[in-house]
Amino acid sequence: MSSQFNASLNERPSKYLSTEENRGRRLAEMYRRFKALQAKRFHLRNELESIEKYLFSLDSQIKSYEHHQQISFNR
């Protein structure tokens, strides 16, 4: 009986360490995903900012072209 008791005592720390290791791995994985998503967000914000600038420029060019078209039709 004492050998069974000692065996169960030896199993508990290993189960505890295994659980703690799993928690640590899960936490590390969550941090990795979090940082990856932050990097993606940063990239997408920069890309969206570039698109906004391009759209504004293109809109200005269209308006300018339309304005010149109206002037040439009025002649």
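Residues numbered from 1 in each chain as written. Predicted model: local features only at pLDDT ≥ 70, side-chain atom pairs only at ≥ 80, totals over all residues. Heavy atoms only, no water.

Enquirer: Would you take a moment to explain the overall build of the protein chain for this structure?
Expert: Counting secondary structure elements, the protein chain contains one helix and zero strands. With 75 residues in all, the protein chain has 0% of them scored as buried. (Helix = DSSP H or I, 4+ residues; strand = E, 2+ residues; numbered from the N terminus. Buried < 20%, exposed > 50% of the residue type's maximum accessible area, 1.4 Å probe, protein only.)

Enquirer: Got a minute to help me understand a nonpolar patch on the surface in this structure?
Expert: A surface patch of nonpolar side chains, about 330 Å² in accessible area, is lined by Leu27, Met30 and Tyr31. Note that Tyr31 resides in helix H1 (residues 2-74). For Tyr31, a relative accessible area of 52% puts it in the exposed group. (Patch = residues over 30% accessible without salt bridge, like charges linked within 9 Å, V, L, I, M, F, W, Y side chains within 5 Å. Areas by Shrake-Rupley, 256 points an atom, 1.4 Å probe, with all protein chains shown as cover. Salt bridge = Lys/Arg side-chain N within 4 Å of Asp/Glu carboxyl O.)

Enquirer: In this structure, what is going on with the pattern of salt bridges? I would like to understand it.
Expert: Opposite charge on two side chains permits them to pair, given that their charged atoms come into close proximity. Overall, the coordinates contain six salt bridges when judged by the stated rule. The partner of Glu20 in a salt bridge is Arg23, and the shortest N-O contact between them spans 3.1 Å. Here Glu20 and its partner Arg23 are both found in helix H1, three residues apart, which amounts to about one turn of the helix. For Arg23, a relative accessible area of 49% puts it in the partly exposed group. The closest approach of N and O atoms between Arg32 and Glu29, which form a salt bridge, is 2.5 Å. Of this pair, Arg32 and Glu29 both sit in helix H1, three residues apart, roughly one helical turn.

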